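Examining the three-dimensional arrangement
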Protein chains: 2
Amino acid sequence: MGRLSALFDPDAVAVVGATDREGAVGRAILENLRDGFTGDVVPINPSRDEVLGLECYPDASSAPPIDLAVVVVPPEIVIESIRDLAEAGTENVVVITAGFSETGSEGAERERQLRAVADEHDLNVVGPNSLGIMATSNGMNATFGPESALEGSISFMSQSGAFITAVLDWANEQGIGFRDVVSLGNKTVLDETDFVREWGDDPDTDVIIGYLEDVGNGQGFIEAAREVTEDTPIVLVKSGRTDAGAQAASSHTGAIAGSERAYEAGLEQAGVIRARSVQELFDYARALAGLPEPESDGVAVVTNAGGPGVLTTDAVGDSRLEMASFTDETIDTLATAMPDEANVYNPIDAIGDADVDRFGEALEIALEDPNVGSAVVVAAPTAVLSYDDLAERVIETLEAHETPVVTCLMGGKRARDAEETLREAGVPNYFDPSRAVSGLDALARFRDIRERTVDQPVTFDVDRERAREILARVRHRDDNRLGVESMNLLEAYGIPTPAGEIVDDPDRARELAEGIEGDVVMKIVSPDISHKSDIGGVKVGVADEDVYDAYEDLISRARNYQPDATIVGVQIQERLDLETATETIVGMNRDPQFGPLLLFGLGGIFVEILEDTSVRVAPIGEGEAREMVDEIRAAPLLRGARGRDPADVEGVVETIQRLSQLVTDFPSILELDINPLVAGPEGVQAIDLRLTVDADELDADEPDTEEP
Amino acid sequence: MGRLSALFDPDAVAVVGATDREGAVGRAILENLRDGFTGDVVPINPSRDEVLGLECYPDASSAPPIDLAVVVVPPEIVIESIRDLAEAGTENVVVITAGFSETGSEGAERERQLRAVADEHDLNVVGPNSLGIMATSNGMNATFGPESALEGSISFMSQSGAFITAVLDWANEQGIGFRDVVSLGNKTVLDETDFVREWGDDPDTDVIIGYLEDVGNGQGFIEAAREVTEDTPIVLVKSGRTDAGAQAASSHTGAIAGSERAYEAGLEQAGVIRARSVQELFDYARALAGLPEPESDGVAVVTNAGGPGVLTTDAVGDSRLEMASFTDETIDTLATAMPDEANVYNPIDAIGDADVDRFGEALEIALEDPNVGSAVVVAAPTAVLSYDDLAERVIETLEAHETPVVTCLMGGKRARDAEETLREAGVPNYFDPSRAVSGLDALARFRDIRERTVDQPVTFDVDRERAREILARVRHRDDNRLGVESMNLLEAYGIPTPAGEIVDDPDRARELAEGIEGDVVMKIVSPDISHKSDIGGVKVGVADEDVYDAYEDLISRARNYQPDATIVGVQIQERLDLETATETIVGMNRDPQFGPLLLFGLGGIFVEILEDTSVRVAPIGEGEAREMVDEIRAAPLLRGARGRDPADVEGVVETIQRLSQLVTDFPSILELDINPLVAGPEGVQAIDLRLTVDADELDADEPDTEEP
C-alpha cells in the first residue's frame, strides 16, 4: 500500500458510477466534488458521454490519469471496476458501494475478493460501505453527505457515516473546521491504524479524532498510536462500551467487539484520550487544536461572579488539575489593582461591577504568577461588561503569554459574537464551567501522555525450549487444560515456585518431605480433578512422619471421588508462612482485538467480591507492571498498611513482567491463572496454576532465533 | 411569616430607593417593573416627586397600599425603611442592598437587626444582597438583571445572582421558560426550604430547580423536600462539592459548608435530584417539565443511523434504564413495516434512507410494545429526511400515547426549527445521545423518588434516663470523651454488648471470669489511655486460672505507660468466636448543616484503606438502615459470600436504628463510634465504644414526655 497522503491530495478524482439521475449517490458525490474541488473531476460511466456538463468516460483505461477513484457502481461489478482502475494506474480507491460483509456470506466473499485485488495491486482502499472522504485543503468533498467541512486542523475518522453527517452539520454551525475526514466503512483494507499513522505524519493535523465501534488490530494500533501521540493528540469515542452497546455495535457492523476492559486498557496504553460523548469529543478537540500545553497543573480562575467561580473551582477539584496557589507578590498586586470587596485569592472574584479593564488586569496578573499553568475566564452578564470587548482583551493578553486560557462567557445570544472572535484566535469558549475545565484537563492529559516514557519490555533469560515441551503436553489432554503438574512452566520463565515436586509413591513422598524444612503441603495431582480442595485433596502442614499416610489418604479420596480419574501423583511443597504474606492473583486471557490481557489483584474477596483488579495489554515493561500493582484499591495492603511487613512488591512486579513475556512468546496460551501468587516480605511464590492451551496453535509458537 | 405566594402575586410593588439616575440599581429595577408588570409600580424616595414618569412618594406611610417592597436604599437605612414599610402594612420585602454579613461584623449586626424586625412584624424577607425576584405569570421582574424570564413552569432559586443572569440569557435563547425566579441572597429570613414548600404547593410549578452553596437547616430541608417530591421534582446544583470548591464557596457567601458526604446523603434522603453542572440541571429540568412519567425502565431507541444508535444504547447502559426487549409481535410488525436491511431489534435502525413515514411508523410500533416505558428518537441528517416534518410526526405520535419521548436530532442549523416545534410541544431535543438519555433517566429517577416509601423511624423501648446519667459523667472529664467504661449507654438503648463488667480488684476479676463460659477478654479501662492495644492493655483468651495474674499485669502496664493515669479498672468480657464473625463499624458525627450523620462499614482495611462506607442523616427508619448495610461494596461478606455463614444482618440493621434513636435523643453526643460491632451468625455485639459529648449541651437533652 502506497503513501496515504495521495488519498487526500489527488490532482484528478474519478467518480466511477457517475450519473445525473436525481437522488442518486453517484450524482451527489459528483456535485460535491464539482462544487469545491480544486483539481480535475472525471466521471466514469459506460452509458453516458457527459454528466453534469463534464465529459464522461466509459472506463478507467480510456480516461485521463486518475489519482483517486470513488466507486459507486452496484456491488456485483465493484471488483471488476477496481481491477480496471488498477490496471490503468490508479492507486487510491474509495468504495462507497454497500453490500459486502455487513450483508451475509455473498457479501463476505465479495469483501475477500476486494482485499485480494487490493493486495495484488498494492492499492489504498477506503470502505466499502463508506460515506466517502474529504480534504479541506483542496476543497475535496468526495462524499455523498449533505455538508462540506470547514477548513481546520482536526482530522476526523468515523466508523459510522451518519456520525459524520451529524457532526458536520453541527460543526459548521459552531465554526469548527477539519483537515481530513474519512468514513472508514467496513475497513477491509485501510483502518484506523493507517489513518492514525498518516495524520501523525501530517504537519497540518493538530488533533486526530474518531468514532470507532471496534479496533481491528489492537496491538498494531497501540504501537502506532504510541508513536503518534508523542506529537499529535488522539481523541476517540469508542462505542459499544456497555454490554447493550456492544451488542448493538456488533449487529451494526458485524464486528465482534472485544471486552470493554481490554479497550479501556489498550486505548490508555496507546495514549488515546477517550471521550464518552460527541460533546466531550469536541470539548477536548477544540482545546487541543488551539491552545499551547500547560506547563503545570495550577489553574487560575478569574471571574466577575461568585457562584460560577465556585462551580469552576469544583470542576477543577474533579479534574487532574488543581487550583493554583498564588504567590504573595501576585496577591499583593491583585489587592492593589482590585477593589476592596474583590477576592484576590484563587478564584479571583473581580466582583459584579468589573469592567473589561479590571477583568483583563486580573487575568494578566494571574498569568504572571509562576504557579499558574492555565486559566479559565468565567463571566456572567452585567450592565458594565461587554463580552465582545472582553474577548478582544483576552486575546490581546494571550499574545504575551504561552499559557493556555479557555473562557466561559455564560449566556446565550449575548455571547455569540465574542465566542466567534475567540474561536478565530483559537480560544475555545464553553457555556458550562465544568466543560471549560474539561478542555484544560484534556491539555494536561495530553501533556502527560507526551511526557510519559513507555518502558520497553525487559527480555528475561528464560528456558523457552523447556516451556515449549511443557505446553506440548496438552496434546495428550482432551480439554486443553494444564494444572499444577505444569508448575515447571513457571520455573522455566523464572517465576518462583515452592520447593517440592510431584511423586507417585508414598515412600518417595516421605523422602522428599524430609529434605524440606518444616511441615509440607500435599496436593493430589490429577488432570480430571479441578477443585482439589472440595474433595479434601489438599493437606496443609503435614509433618514428615505423617506424609506416608497422608499420601495414601489423598490417593484414596481421589479414587473415591472419581474412580476412572487419571492420577498423576501427589505434589509435595514446602509450607509457606501465610500469616505474614498476602495472596495475589496474576492472570491472562486473550482478547479478540488486543491479544493477551494481563490481570492483577489480591486473592479471595478482593477479586471475587470487590472486583479490585488492574489490567494491561501485554507485552508490558516494568513501569506498566508497577502501575498494575499500584492502581488496585487494596495496594496499601501490599505496601505494608496497618502495621504489616511490606510484601515483596518488586517480586510481584517482576512476576507480572515474566508472565507478560511468557504469554507473548506463546500465542498458544489462551488463558492462564497463577492463583495464588503468595507475596510475603521475603519474596513471592506461585502456589497454583491453571492454563488453557490451544493445541492447534502450538506450531505457531516458533522459537525466537534472536533470543539472547 | 405569611403565605409566600403574596411575594409572587402582588397587586402593587414599591421600589424603595427608586431613582432615575443612569446606571443606578434603583433605576434598573424600576425600569424592569415598569416594562412588564401588570400591577401598580410605586416609586418611594423622599427626594423625588416623580421617577420615570411615575408619581414618587416620600415614604411607605404616604404611599398607596404596597404588597411587595423592593428595597435598594443604602445599608445604613435598610432597617429603618423596612420598619416604615411594616408599619404601613407591607408584609413582603426583597432586600437588594448588600453590606450585611458578607462584609464583616458591622454588616453581621445589621443582619441580626434585619432578622429581628422581620420576626417582630412577621415579614417575608428575601435577601439581603439579592438580585431580586421574578414572576412570569404577571410579568413582574423585580430584579436589576438585564434579562426577563420567559413564561414557563420551572421555578428557580439561586444563591448566586450572577448565576441567574447567566442562566436567563442562555435560557431565553433556548426558549426555556420559568414560573418564579428568586435570588436568595444571604437567606437571612427566607431560605431554600421556604421556597421548596411554596413551590411544592403551587400547581403551576412543574419543576423546582436551584443553585445552592449551602443548605441552612438540613433537617428542615429534608423534611420539606420529602413532602414536596411526592409531587414535584427538585433538581439542584449544590456547589462546593470538592475541598477547593467548598473553600471558594465559604469565601463567597461566608457560610460554612458541611461535608460533601453529608450533602450527598441528605439531599438523596430528601428526594432531590442532584445535577453536577448547569447543563445537567437543564437537561433534567426540560425533561421533567414537559414529559409524563415512564411506567417502566425499558427504553426503545429509533434511529436512521447505526453509529448514533450504538452511542444511545451505550448511554442507556450507563443509566438506570435498560434497552426494552421487544415482544415477538413488535418484531414481526416491524419486520413487515421496515425494509429487509433494517434492524428490527432494539435499537431499531430504520436505515439511512428512512423518510419521516418510516421513522414515524417505527416509533409508533415501538410505543405499542408493553415493554417500552420511554423512547429516544435519534436522527442523523440525510437527503430524504426533513427534521421539521419528523418533529411534527413525533408530536402527533405522542398525542396517542402516555409514554415519554425525547429526541436527538443531531446537527446544527438543520435542527433549529424542529427543535423549537418540539419544545413548544414539551418534547426536549438534545444534540448528544447521552444527554437525551440522561433526560429520560431523570424522569425514571423522579418516578422512583415519588414511589419510594420512607419508613418512619421505629421508636424502640429504651432507658433514656439511664443513658442521660451515663452521658452526664462527662462533666467529670476534661476532654469530653467517654470510652469502654460507658458501654452500658449502649445497653440502655438495647444494643447488645458482651457479658462482663469492669472490676477494680483481681479476686473479683477471677470470680467474674468463672461465671462466664470459656476464656475471657480483659482490657484495661482508663480514660487517659485511648490506644489500649498499643501498650498491651488488651488480653484475649485468658483462662480462668490466669485471670488474677493477667489483672495485675494489665494494671502494671498501664502504670508504666502513664504513672498519673486514672485507672478505672479492668473490663472482663466473654470471648466471642471471631472466626465466624465479621467486624463492623457503626458510628456518628454531627454535621453543621444536617446534624447527626450515621456511618456504617466493615472494620479494618474496609474502612481504613478501601473507604467502603455508607452514610445517612439520622433519624432513619428500617429501610434506610438496611440500605446502609446493602450499599457497601463488601456487603456480600455479611450476607454469607465464599462459603461463610451469613451474619445476623437484621441485628446490624437494628443496631443502626437504635444508634439513630440515641443520637437523635441526645444532641449532646457530638461523635460516637462502636468499633467493632461484631456480627456473627447468632447475633451482634458491640465490643468497644468511644464518644465525645458536649457537656454544655447536656441540659438540652430534655426527656421526651411523650415517650411511649
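No experiment lies behind these values; they were computed from the predicted model shown.

Let's shift gears to the nonpolar core. Ranked by size, the top nonpolar core spans 116 residues in total, and within it A:F178, A:I209, B:F178 and B:I209 carry the most contacts. With 112 residues, the next largest nonpolar core counts A:L490, A:F600, A:I609 and A:I656 among its residues.

Let us now look at the packing of helix 3 (residues 78-87) of chain A against helix 4 (residues 105-121) of chain A. Residues and elements named next belong to chain A. At a minimum axis separation of 10 Å, helix 3 and helix 4 run at an interaxial angle of 5°. The orientation of helix 3 with respect to helix 4, classified from their angle, is roughly parallel. Between helix 3 and helix 4, the residues in contact are I79, I82, R83, A86 and E87 and R110, Q113, L114, V117, E120 and H121, respectively. Its residues assigned to classes, the contact of helix 3 with helix 4 comprises five nonpolar, two polar and four charged.

Residues and elements named next belong to chain A. The final tally for this structure, using the stated rule, is two cavities of 30 Å³ or more. By volume, the largest cavity amounts to about 50 Å³. Listed by contribution, the elements that provide at least two residues to the lining of the largest cavity are helix 11 (306-318) and helix 16 (433-451). For the lining of the largest cavity, the leading source of residues is helix 11, giving four residues. In terms of residue class, the lining of the largest cavity is built from three nonpolar, three polar and four charged.

Attention shifts here to the pairing of strand 15 (residues 298-303) of chain B. Residues and elements named next belong to chain B. In terms of burial, strand 15 is largely enclosed, as six of its six residues are buried. Along strand 15, one buried face is formed by G298, A300 and V302 and the opposite face, lined by V299, V301 and T303, is buried too. Bridge count between strand 15 and strand 16 (residues 322-323): two bridges; the pairing is parallel. Looking at the pairing, G298 lines up with E322 of strand 16. You can see the chain leave strand 15, run along helix 11 (residues 306-318) and come back into strand 16, and the turn it takes is right-handed. Of the strand pairs in this sheet, strand 15 and strand 18 (residues 374-379) are connected by five bridges, and their pairing is parallel. Among the inter-strand pairings, V301 is bridged to a residue of strand 18, identified as V376.

The next thing to look at is the environment of A:A224. Structurally, the position occupied by A:A224 is in helix 7 (residues 218-228). Setting aside its immediate chain neighbours within four residues, A:A224 contacts A:T193, A:V196 and A:R197.

Right, let's get into the pattern of salt bridges. Under the criterion given, the structure shown has 90 salt bridges over all chains. Residues B:R358 and B:D353 are paired through a salt bridge, measuring 2.8 Å at the closest nitrogen-oxygen approach. Since its relative accessible area comes to 16%, B:R358 is described here as buried. The exposure class assigned to B:D353 is partly exposed, which follows from its relative accessible area of 46%. The network of salt bridges with shared partners includes A:D297, A:R320, A:D441, A:R447 and A:D448.

This paragraph deals with the domain arrangement of chain A. Here chain A is described as being made up of domain 1 (293-451), domain 2 (499-574) and domain 3 (582-700). Computed from C-alpha coordinates alone, the two centres of domain 1 of chain A and domain 3 of chain A are separated by 45 Å.

Turning to the interface of chain B and chain A, a few remarks are in order. Taken residue by residue, the interface counts 65 residues in chain B and 66 residues in chain A. Surface buried jointly by chain B and chain A totals about 5200 Å² across both partners, of which 63% is contributed by carbon and sulfur atoms. Counting across the chain B and chain A interface gives ten salt bridges. Two residues, B:E173 and A:R416, come together in a salt bridge whose shortest N-O distance is 2.7 Å. Inspection of the region where chain B meets chain A yields 29 residue pairs in polar contact (both at pLDDT 80 or more). Secondary structure elements with two or more residues in the side of chain B that touches chain A: helix 5 (161-174), helix 8 (243-253), helix 10 (278-290), helix 11, helix 15 (413-424), helix 16 (433-451), helix 21 (605-608) and helix 23 (635-638) of chain B. Ranked by the residues each element gives to the side of chain B that touches chain A, the list is headed by helix 11 of chain B, at nine residues. A class-by-class count of the residues in the side of chain B that touches chain A yields 30 nonpolar, 19 polar and 16 charged.

The next subject is helix 11 of chain B. End to end, helix 11 of chain B covers 19 Å across 13 residues, agreeing with the expected 18 Å (1.5 Å per residue, within 8%). Summarising burial for helix 11 of chain B: eleven of the 13 residues are buried, a large majority.

The two copies are related by a screw motion: chain B maps onto chain A through a turn of 180° and a shift of 0.1 Å along the axis, at an RMSD of 0.1 Å. Seen this way, the second copy is the image of the first under a two-fold rotation axis. For chain B, the smallest separation between a C-alpha atom and the rotation axis is recorded for B:L610, amounting to 4.9 Å. Both copies contact each other with a shared surface, as 100% of the interface residues of chain B are interface residues in chain A too.

Turning next to the packing of aromatic side chains. All chains considered together, the criterion is met by 22 aromatic pairs over all chains. Judged by centre distance (6.0 Å) and plane angle (35°), the rings of A:F8 and A:W199 are tilted. Of this pair, A:F8 sits in helix 1 (residues 5-8) while A:W199 sits in helix 6 (residues 192-200), and the two are 191 residues apart along the sequence. A relative accessible area of 4% means that A:F8 is categorised as buried. Here a set of aromatic residues connected by ring pairs shows up, and it is made of A:F156, A:F163, A:W170, A:F178, A:Y211, A:F282 and B:F431. Across from the ring centre of A:Y263, 4.2 Å away, lies the NZ or CZ of A:K238, which sits over that ring.

All names here are of chain B. Taken in spatial order, the five strands line up as 2-1-5-6-7 in an open sheet, and their pairing is parallel. For this open sheet the edge positions go to strand 2 (40-44) and strand 7 (124-126), each flanked by a neighbour on one side alone. On average, each strand axis in the sheet is inclined to that of its neighbour by 20°, with strand direction left out of account. Pairing of strand 5 (residues 68-71) with strand 6 (residues 92-95), which is carried by four bridges, proceeds in the parallel orientation. Note on strand 6: the bridge partner recorded for L68 is N92. This element, helix 2 (residues 25-36), spans strand 1 (12-16), strand 2 and strand 5 of the sheet and lies at about 165° to strand 1.

Residue and element names in this part refer to chain B. As paired elements, strand 28 (residues 669-680) and strand 29 (residues 683-686) share four bridges and run antiparallel to each other. If you follow G680 over to strand 29, its bridge partner there is G683. In textbook terms, the turn of a hairpin is the stretch between consecutive antiparallel strands, and for strand 28 and strand 29 this stretch comprises two residues.

As recorded in UniProt, the feature "domain: CoA-binding" (unreviewed entry) lies at residues 7-100 of chain A. End-to-end, the C-alpha atoms of residues 7-100 of chain A are 22 Å apart, and along that stretch the chain is 26% helix and 23% strand.

On to the sheet that holds strand 14 (residues 273-274) of chain B. All names here are of chain B. In space, the seven strands of this open sheet follow the order 9-8-11-10-12-13-14, with mixed pairing throughout. The two strands at the open ends of the sheet, each matched to only one other strand, are strand 9 (140-143) and strand 14. Note that strand 10 (residues 150-158) and strand 12 (residues 207-212) share five bridges and pair parallel. Looking at strand 12, one finds that I154 is bridged to V207. Across the face of the sheet, helix 6 (residues 192-200) comes into contact with strand 10, strand 11 (177-183), strand 12 and strand 13 (234-238) while running at roughly 155° to strand 10.

With that settled, the discussion passes to unusual backbone geometry. Cis geometry marks the peptide bond from B:A618 to B:P619; its omega dihedral reads 5°. Along the chain, the position of B:P619 falls in the loop between strand 27 (613-617) and helix 22 (622-631). Cis peptide bonds are those with omega within 30 degrees of zero, and the linkage from B:N675 to B:P676 qualifies with 5°. Tracing the backbone through its elements, the reader meets B:P676 in strand 28. With a phi close to 50°, A:E611 is a non-glycine residue in the positive phi region. Structurally, the position occupied by A:E611 is in the loop between helix 21 (605-608) and strand 29 (613-617).

With that settled, the discussion passes to a negative patch on the surface. All names here are of chain A. A surface patch of like charges, here negative, comprises D388, D389, E392, E396, E399, D417, E420 and E424. Mapped by element, the contributors of at least two residues to the negative patch are helix 14 (387-399) and helix 15 (413-424). Among the elements that make up the negative patch, the one with the highest residue count is helix 14 (five residues). Looking at the secondary structure, you find E420 in helix 15.

Conventions adopted
Residues numbered from 1 in each chain as written. Chains lettered and ligands numbered in written order. Predicted model: local features only at pLDDT ≥ 70, side-chain atom pairs only at ≥ 80, totals over all residues. Heavy atoms only, no water. Core = buried A, V, L, I, M, F, W, Y, C linked by side-chain atoms within 4.5 Å. Buried < 20%, exposed > 50% of the residue type's maximum accessible area, 1.4 Å probe, protein only. Axes fitted to C-alpha atoms, helices over the stretch in contact; angles between N-to-C directions. Helix = DSSP H or I, 4+ residues; strand = E, 2+ residues; numbered from the N terminus. Parallel < 35°, antiparallel > 145°, perpendicular 65-115°, else oblique. Contact = heavy atoms within 4.5 Å. Nonpolar A, V, L, I, M, F, W, Y, C, P; charged D, E, K, R; others polar. 1 Å grid on protein atoms, 1.4 Å probe; cavity = no way out; pocket = protein on both sides within 12 Å on 5 of 7 lines; lining within 4 Å. Points joined across faces, edges and corners; volume = space filled by probe spheres on them. Pairing = 2+ DSSP bridges. Right-handed = clockwise from strand over helix to strand, strands pointing away. Salt bridge = Lys/Arg side-chain N within 4 Å of Asp/Glu carboxyl O. Domains from an automatic or database assignment. Buried area = accessible area lost by both parts, 1.4 Å probe. Polar contact = N/O pair within 3.5 Å; in protein donor to acceptor, adjacent residues only side chain to side chain. Expected span 1.5 Å × (residues − 1). Least-squares fit on C-alpha atoms with pLDDT ≥ 70 in both. Phe/Tyr/Trp six-rings, centres within 6.5 Å; stacked < 30°, edge-to-face > 60°. Lys NZ or Arg CZ within 6 Å of the ring centre and 35° of its normal. UniProt positions renumbered as here; feature names shortened; annotations may be inferred. Patch = residues over 30% accessible without salt bridge, like charges linked within 9 Å, V, L, I, M, F, W, Y side chains within 5 Å. Areas by Shrake-Rupley, 256 points an atom, 1.4 Å probe, with all protein chains shown as cover. Lys, Arg positive; Asp, Glu negative; His and termini not counted. Charge placed at Lys NZ, Arg CZ, Asp CG, Glu CD.

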